[in-house]
Amino acid sequence: MGNEHNSEYAIEMLHITKRFPGIIANDDITLQLRHGEIHALLGENGAGKSTLMSVLFGLYQAEEGTIKKDGKEVKILSPNDANALGIGMVHQHFKLVECFTVLDNIILGDEPVGPMGILKKEEARKKIMDLSNKYGLQVDPDAKIQDITVGMQQRTEILKMLYRDNEILIFDEPTAVLTPQEIHDLMKIMKNLAAEGMSILFISHKLAEIMEVADRCSVLRKGKYIGTVNTADVTMAELSSMMVGRNVNFHVEKKEQHLGDVILEVENMTVASKVHKNNAVKNVSLKVRGGEIVCIAGIDGNGQTEFVYGLTGLEPLVSGKITLMGKDITKMPIRKRSIMGMSHIPEDRHKHGLVLDYSLEDNIVLQRYFEPTFTKNGFLRRKNIRKQAEDMIKEYDIRSGQGPITTSRSMSGGNQQKAIIAREIEKDPGLLIAVQPTRGLDVGAIEFIHKQIVAQRDAGKAVLLVSLEMDEVLDVSDRILVMYEGEIVGQLDPKTTTPEEMGLYMAGAKREEVKP
Amino acid sequence: MILLIQYMIVFASVLMLVALGGCFSEHSGVINIGLEGIMVFGALGGALVMSTLPAGTSGFVIVILSILAAMAAGLIYSLLLAVAAINFKADQTLVGTAMNLLGTAGATVIVKAINTKANPDNPSSTIQYIGAKKAFLLVEGYEFNWFMPLALCLLILSWVILYKTRFGLRMMACGEHPQAAASVGINVFKMRYAGVLISGLLGGLGGLVYITAGVSEWKFENGVAGFGFLALAVMIFGEWKPFKIALAALLFGFFRALSNVYTGFDFLRTLNLPSTVYNMLPYIISLIVLVLFSGNNAAPKAEGIPYDQGTR
Amino acid sequence: MQENKSFLKKPAVQTILASLICIVLGVLIGFIALLIINPSGAWNALGEILKNFWNYSKHTTQMKNLGNTLVKTAPLLMCGLSVLFAYKVGLFNIGAAGQYVAGAGACIYCAVGLGWGWFPCMLASILAGALVGSLSGLLKAYRNVNEVISCIMLNWICLYLVNTLLSKIKNPTSPYTYAINLKVVTTDGVTSTAAHPQALLPTLGINALFNNNKYVGIAIPLAILLAIASWVLLSKTKLGYELRATGLNKYAAKYAGMADRGNIILTMAIAGGLAGIGASMLYLTGFEDWSVTQASVPAMGFNGIAAAFLGGLNPIGTIFSSYFIQHITDGGAQLNKQVYPGEISSMISSLIIYFCGFVLFFKSTMNKWLDSRAEKSAKKGGK
């Protein structure tokens, strides 16, 4: 790692294009990483950051474009190639063996051995402790991963890169799972590493962190390269507008609002996280009334999923109270909530929403098969089920190869989603919870689904929409609540707010007290 | 008393060897329900060598050759699991069950075919190896044989391999978190093959030890009477760790031995418990252990899940 | 051409094809073994295995032997259904073997020890099997104990418990229990008198069809009825809808508010009950007596795994697959023992189970092949 470099840049990714069936994930993207700098890569979900990094790390091959290291063109066909070029990555989900010690995890794959393959751990320990002291990466080499904090796990991942003498370090959304104190420590470590000559790529969508730690920032939006700026020369608001861009409005027709009674009331809800030891949802309170669409906006992974799990009964609450139409449903099983009038369009239609190997008609009655219309004396009433499915197919324009008996797996994503929406709306719910209802769908399907959701609101139902799409949030909702790190940090009016303002809340750069 | 200890040690060596085999396979991420079948084939390989070696062969040669034959037979048989589970992502429980059934049936077919070829009026599934068996004994008149020191060596070797070598570290990583192992350039397929094949080696040897314990002929129709399953219990009770496995094997071997010789003890005879109770105890204990400690399960986390390079 | 392709795309067709591939591969290896043992007679020997009772020239003898095969098919079918039922809910019931043993113990003890009639004996065997099955289900649902492991342990616990129980009614001159069906040799050949006639399953006159094979009786139609009932339960009822949903996607089942734990326990209880009744279908005919010294779990339950998978995990398919497995098993007994070992047919059936592990691979290969052909013909059509 000398000071003499052949090129100004440690790594250059020039005109990279990567296509997946039906989508261009990276469209002519150029990214140049200088020696010893911290370079942030900013963009919303689906902007193409992960794909670009996967290309750099050898997990994907780009169709077009070149990668240069130190000015010399290189081919990276696998993570091993990347490693040989000194490129290391801290994945968003750590790749650590839980029951191994920190030391074992660091040396795994690159172990110092004596004769007969016997491990020489003392040698490794010395190198690790030296690195640990040099960069302030405090770890206990003999502790097991399962017993240490997320912060120390992350330091273990960083040491894994340093142990392999990597000098180009990729951090994939490293702060998502950390506490504020741990984030602060990580920022310091990253600055130390850069000061020692490491070149760092920092993937994030948290503006404050980027402003604090990065020298430069490249912005991607919808697979396209927007530009690279010096963080010293821009404001957070400018970065935010680069990230979200201009709104393309497909405006949704809405009738004048007639607010009804409070349908859903959530008080001080806290839900544990499955990924880390902190709570995913912290003390959230909100109300949804009949005739309004309340949208929970935010960047992926800020507790929205867990909030919905807690609300619908898929996960138990740590604390808090949920009231639906005047009844306490905090401890109620899922089935009862559903019968009481809670409909749930789930985030993951393949995991929760559908039994993919069931026919369309069987999925149409998934929430109602036990009702007398569909079951008599324990036997399914196939005729009624068929009729229900045929009605839904007609009403919601669900297209499938063989009508009601089509295997759901063979249907297109849009039609699968329509089937779920038909099922949930046809239950005539008091409260409709729609989580990312248009994810991955084409424009036609999106428009249709938005219309259905607005129709529910116009009919006086309460709608809770959870969305990551800025356009959707602004177009469809009557009231926006922004969730950041498990808390509601802002309430916005879609008529008066701007994407830039929303971006500031979503990225944690701005917050206010919100009273439910 | 001496009889009890003899039996206990013999059974414990068998259980320990086979359970260590299972331990390697599971640490690499493949559940090996087929240990019973592997034992049968190992026993068959060893028995065939013992019965075919000419009478004058020196004891040392007999010992070495039959051990090698048993291990080789177990290894080849375990390939059935490796290919199906690793390359074809087959259901490991299904394949293991098939291997257990095939073990007894296949071995019986082979032995009967050999026996009837030699003498059409002898359609039995028994192999005799009276002469060769003596070569294994360490002390005349007692059931202490070469296998016991060998088992002890293999125990220590297993521990060293698992916890002190690069190979062991990498293999266990594949059973715990194959994606993590692959991300640092480890070939998960190769390591899993290694784990399954080692279980074949040790399981095969265990089969040979079992059929030479106290008897000098074996009827292959009987298989190995559930010792492969008992070894699974030993492995679970031993929390997938070699030395704990050894202790568990001694404990379970003790119960097994008691069921054979309990009539020799006055106070046990007065208890008047049927021998089946002693046979049952190991299984009941393992089941209780599973129930009590299911929360902090020591089983390798990725065992039984086929590794797919696509998932990250 | 077009029709042919879509025909091969049908899941049912693919399932049957995959099962046939398993059978062909298993039989092929069995044939190779026969060739190695004695090449000259191998072809005939294979024929003898596959023909089973047709080896006899006399129609009456044929029917009598067909009857014997059917008597053993009934319990095998029940074990197959037991495995299938659990598998539909995503559980691998390797414990059908132990549940079968429990059922055997219960019905034999009730028949010989307590002198009960056949119906209560049968109920006892269902109950015993269900109890063992639900224990595995309970452990899975509440303590998350892997059902495969708990079932293996329970298999052996059941075996030893039943051996202990039945040694109370052991015949002092043999390792077997007192027979339900005593054989008495009279001058005009073998006839029988029952020691516990009240416990023998009624024959309903069906035995007349099988040259008065006294073992043939109610068990066979009952087994088929239960297979059909399982099919109805799984595909026509609310419970079946829930169970299948749980097996196919437990997250969606939970999302739809189904009781996941309760369903697991119920499933294992039903599976256990099926294996248990299977045992009474064999032992209450007096076809076989229980040996209290047997040191290994009877293979019936494990063969049930073969029947279930070979039957494409469909209750109706399992009727045919379990008959086929029993057919070749009995066919093995037809072989000339001085040349070929009869176990060759157990070997074939275990090979068939082994190849069932590859069914997914067969199917995906078949689909890939069909897709690539469709693509090619589409390209041609385009030109």
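Residues numbered from 1 in each chain as written. Chains lettered and ligands numbered in written order. Predicted model: local features only at pLDDT ≥ 70, side-chain atom pairs only at ≥ 80, totals over all residues. Heavy atoms only, no water.

Participant: Break down the overall build of chain B for me, citing the residues and quoting the values.
Facilitator: When helices and strands are tallied, chain B shows 13 helices and two strands. For chain B, the C-alpha radius of gyration of 20 Å lies close to 20 Å, the compact-globule estimate for 312 residues. Projecting the C-alpha coordinates of chain B onto the three principal axes gives extents of approximately 55 × 50 × 30 Å. Here chain B holds 312 residues, and 60% of them are scored as buried. The contacts of chain B with a sequence gap of at least 6 include a subset with a gap of at least 24, amounting to 77%. Accessible surface for chain B amounts to roughly 11,400 Å². Of this, 67% is attributable to carbon and sulfur atoms. Averaging the locations of the 17 positively and 13 negatively charged side chains of chain B gives two centres separated by 9 Å. (Helix = DSSP H or I, 4+ residues; strand = E, 2+ residues; numbered from the N terminus. Rg over C-alpha atoms; globule rule 2.2 N^0.38 Å. Buried < 20%, exposed > 50% of the residue type's maximum accessible area, 1.4 Å probe, protein only. Contact = heavy atoms within 4.5 Å. Areas by Shrake-Rupley, 256 points an atom, 1.4 Å probe, with all protein chains shown as cover. Lys, Arg positive; Asp, Glu negative; His and termini not counted. Charge placed at Lys NZ, Arg CZ, Asp CG, Glu CD.)

Participant: So what's going on with the interface of chain C and chain A? Residues and values would help.
Facilitator: Counting residues at the interface gives 19 residues for chain C, matched by 26 residues for chain A. Here chain C packs against chain A, burying approximately 2,000 Å² in sum over the two surfaces, 61% of which is carbon and sulfur. The interface formed by chain C and chain A holds zero salt bridges in total. Seen at the junction of chain C and chain A, the total is 17 residue pairs in polar contact (both at pLDDT 80 or more). At seven residues, the largest contribution of residues to the side of chain C that touches chain A is made by helix 9 (residues 238-248) of chain C. For the side of chain C that touches chain A, a count of residues per class yields nine nonpolar, five polar and five charged. (Buried area = accessible area lost by both parts, 1.4 Å probe. Salt bridge = Lys/Arg side-chain N within 4 Å of Asp/Glu carboxyl O. Polar contact = N/O pair within 3.5 Å; in protein donor to acceptor, adjacent residues only side chain to side chain. Nonpolar A, V, L, I, M, F, W, Y, C, P; charged D, E, K, R; others polar.)

Participant: Tell me about the side chain of N415 of chain A, and please be specific about residues and values.
Facilitator: All names here are of chain A. In this structure, N415 sits in helix 14 (residues 413-426). Polar side-chain contacts of N415 include one of 3.0 Å to the side chain of S412. Every residue in contact with N415, bar those within four places of it in the chain, is listed here: D397, I398 and R399.

Participant: Outline the sheet that holds strand 14 (residues 319-324) of chain A, listing residues and values.
Facilitator: All names here are of chain A. Judged by pairing direction, the sheet is antiparallel, and its four strands sit side by side in the order 12-11-14-15 without closing on themselves. Two strands bound the open sheet, and with one partner strand each, they are strand 12 (279-289) and strand 15 (327-328). Pairing between strand 14 and strand 15: two bridges, direction antiparallel. Counterpart to L324 in the pairing with strand 15 is K327. Lying on the sheet, helix 9 (residues 304-312) is in contact with strand 11 (262-272), strand 12 and strand 14; it crosses strand 11 at an angle near 120°. (Pairing = 2+ DSSP bridges. Axes fitted to C-alpha atoms, helices over the stretch in contact; angles between N-to-C directions.)

Participant: So, the nonpolar core: which residues are in play, and what are the values?
Facilitator: Nonpolar side chains in soluble globular proteins tend to end up buried together. Judged by nonpolar contacts, the single largest core of 343 residues is most densely connected at F171 of chain A together with F220 of chain B. Excluding residues that lie within four positions of it along the chain, F220 of chain B makes contacts with V40, A43, L44, A47, T104, A107, T108, V111, S125, I127 and I211 of chain B. V281, I322, L324 and M342 of chain A belong to the second-largest nonpolar core, a separate cluster that totals 29 residues. (Core = buried A, V, L, I, M, F, W, Y, C linked by side-chain atoms within 4.5 Å.)

Participant: Pulling in residues and values, what's your account of the sheet that holds strand 21 (residues 479-484) of chain A?
Facilitator: All names here are of chain A. On the basis of which strands lie adjacent, the open sheet formed by six strands has the order 16-19-20-13-21-22 and mixed pairing. The two strands at the open ends of the sheet, each matched to only one other strand, are strand 16 (342-345) and strand 22 (487-492). In this sheet, neighbouring strand axes are inclined to one another by 20° on average, regardless of whether the strands run parallel or antiparallel. One ladder, built from five bridges, connects strand 13 (residues 293-297) with strand 20 (residues 462-467); its direction is parallel.

Participant: Quick one: what's the story with the interface of chain B and chain C, residue by residue and with numbers?
Facilitator: Contact with chain B, which involves 45 residues of that partner, is made by 42 residues of chain C. Together chain B and chain C conceal approximately 3,900 Å² of surface at their shared face, both sides included; 78% is due to carbon and sulfur atoms. Scanning the region where chain B abuts chain C turns up one salt bridge. Note that K112 of chain B and E343 of chain C form a salt bridge whose closest N and O atoms lie 3.0 Å from each other. Only helix 3 (59-87), helix 4 (92-118), helix 10 (227-237) and helix 13 (275-292) of chain B provide two or more residues apiece to the side of chain B that touches chain C. It is helix 4 of chain B that contributes the most residues to the side of chain B that touches chain C, 15 residues altogether.

Participant: Outline helix 6 (residues 118-143) of chain C, listing residues and values.
Facilitator: Here helix 6 of chain C contains 26 residues, and its C-alpha end-to-end distance of 37 Å stays within 8% of the 38 Å for a straight helix at 1.5 Å per residue. Positive phi appears at N144 of chain C, one or two residues downstream of helix 6 of chain C, with a value of about 50°. (Expected span 1.5 Å × (residues − 1).)

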